[in-house]
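# Chains, contacts and geometry: an overview
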Amino acid sequence: MDTESRPIRFSYQAKWISSAIIVALAIVLVMGVSHILPPFIGAIITAYLFNPLVGWLHRRTRLGRALWIVVLYVVAGLALYSLFTALWPRIVQQSRDLAANAPIIIRELTVFFEQNQSVQVGDFEISLLPLEAQIIGVVRDIAGWLSGNVPKIVFSALESVIYLLVYLIITFYLLLQAPQLKEWVCKLIPAPYRREIGYLGYQIDRVFSAYIRGQLILIVIMSVLLYIPLSILQVPYALVIAVTSGVLEILPIIGPWSAAGIAMTVALFQPVTPFGLSNVALAVLLGIIYFVLRQIEDHFIIPNVMGPLVRLHPGVVIFAILAGGALAGAFGLFISIPIAATIRILLSYIYRKLTDQPEPPSDTDRPLTVAQPESVPSEVALGS
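Definitions and cut-offs
- Residues numbered from 1 in each chain as written.
- Predicted model: local features only at pLDDT ≥ 70, side-chain atom pairs only at ≥ 80, totals over all residues.
- Heavy atoms only, no water.
- Helix = DSSP H or I, 4+ residues; strand = E, 2+ residues; numbered from the N terminus.
- Contact = heavy atoms within 4.5 Å.
- Salt bridge = Lys/Arg side-chain N within 4 Å of Asp/Glu carboxyl O.
- Buried < 20%, exposed > 50% of the residue type's maximum accessible area, 1.4 Å probe, protein only.
- Core = buried A, V, L, I, M, F, W, Y, C linked by side-chain atoms within 4.5 Å.
- Expected span 1.5 Å × (residues − 1).
- Bend = angle between axes of the 7 residues up to and from the residue.
- Patch = residues over 30% accessible without salt bridge, like charges linked within 9 Å, V, L, I, M, F, W, Y side chains within 5 Å.
- Areas by Shrake-Rupley, 256 points an atom, 1.4 Å probe, with all protein chains shown as cover.
- pLDDT = per-residue confidence, 0-100.

Once that is clear, we can look at the side chain of glutamine 215. Considering the arrangement of structural elements, one finds glutamine 215 in helix H7 (residues 194–232). For glutamine 215, the contacting residues outside a window of four places in its chain are Glu249, Ile250 and Phe334.

What follows is the structure in structure tokens.
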């Protein structure tokens, strides 16, 4: 007698066990292949940043996404080639000079702190001894990083070339298939919940996109604004210090002070000073310049570039930076703030659900709907 066929149904416990096993296996896999993840992570970030531009060009011109991606590659390649041709030799040379002169700077710093153990500010006497180890340690660490990493940035090794090709290929397909990927994600969410989950995702997307794009723009703006006074004041290694200061801007609170400290330390011991300034006066002037530019950044650049999307208490910001650095190194420092902002959004959402509060009204409510697939070659379409 034939037995009636019926589909397998997972119980509640089986669903949780299966999910836990899948998550555990995924974590083990990621940990096992972590050394090959950088080009994939870079490709995901690049595609995330440039997908709005490619989509906008596609909608405006009705030309294929693949064509605009190729144009983007060509323009970016020419821009990077011109930039590296003009600036890269100077950056490498100044980095090597700074690394080579680091022992001299450290020795002069030691002598300076031995001769000036405290400074008098009005009626207060401030001891400089607690700063000695930290400042010397920062100079030593930067010199070690420059001497060990700058030559490696040039893509000469076969492994680096392979990683670069993987990065370019993955980025191309992520940009090409972005509509299909969005449609696939939409279909994973049950239809009755797509609007609510869509708005939650929209809030997170606003934070990430504003923060990442804003930080990249901020690096360029602050590097240029700092290079001008550093060059006028004839500070050695002006280009390297300006670029390093721009990159350090991605670390809230800690980064700007570290950048100012680097510039002031170099100026304090540079052999020739302009305009008849003493080394101490030059270092103080640089500190004032960094402070003024920081105020301009906080009150004009950041509000217009990133807006008020990342709303976090300063204490939470400091904790997020330290936690990100401890868990994921330099990459963790970069993404610590948007991750913290995302956690804030998710915790607010969970709190409203736990307390049965209604969702706050929003004029920017955007439901997550299944995207209409754009015309792409069938051989690269998702799921084909």
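We now examine the pattern of salt bridges. Tallied over the full model, the rule gives two salt bridges. A salt bridge links lysine 187 to glutamate 183, with the shortest nitrogen-to-oxygen separation between them at 3.3 Å. Taken together, the residues lysine 187 and glutamate 183, both in helix H6 (residues 178–188) and four residues apart, mark about one turn of the helix. In this structure lysine 187 comes out as exposed when scored by relative accessible area, which is 53%. Judged by its relative accessible area of 14%, glutamate 183 is buried. A salt bridge links lysine 353 to glutamate 196, with the shortest nitrogen-to-oxygen separation between them at 2.6 Å. Taken together, the residues lysine 353 in helix H11 (residues 314–354) and glutamate 196 in helix H7 connect sequence positions 157 residues apart. Judged by relative accessible area, lysine 353 falls into the partly exposed class, the value being 38%. When its relative accessible area of 27% is taken as the criterion, glutamate 196 is described as partly exposed.

Attention now moves to the nonpolar core. Membership of the largest hydrophobic core comes to 48 residues, with the highest contact counts inside it found for Leu230, Val235, Ile241, Leu286, Tyr290 and Ile337. Looking at this core, the elements that each hand over two or more residues are helix H3 (65–115), H7, helix H8 (238–248), helix H9 (254–268), helix H10 (279–305) and H11. Residue contributions to this core peak at 11 residues, all from H7. Of all hydrophobic cores here, the second largest spans eight residues; its members include Val54, Leu57, Ile69 and Leu72.

A separate point is helix H2 (residues 38–61). Side chains three or four residues apart in an α-helix point the same way, a direct result of the helix having 3.6 residues per turn. For H2, with 24 residues, the first-to-last C-alpha span of 34 Å sits near the 34 Å given by 1.5 Å per residue. The largest bend along H2 measures about 45° and falls at phenylalanine 50, with the proline proline 52 one to four residues further on. Following H2 by one or two positions, arginine 62 adopts a phi angle in the positive range, close to 60°.

Glancing now at a nonpolar patch on the surface. On the surface, a cluster of nonpolar side chains totalling about 640 Å² of accessible area is made up of Val280, Val284, Ile288, Phe291, Val292, Ile296 and Phe300. The exposure class assigned to isoleucine 296 is partly exposed, which follows from its relative accessible area of 34%.

This part is about the confidence of the model for the protein. With 76% of its residues at a pLDDT of at least 70, the protein reaches an overall mean of 77. Helix H1 (residues 12–32) holds the highest mean pLDDT among the elements of the protein, 89, whereas strand E1 (residues 118–121) holds the lowest, 57. Within the model, the stretch residues 363–384 combines pLDDT values under 50 with 43 contacts to residues more than four positions away or in other chains.

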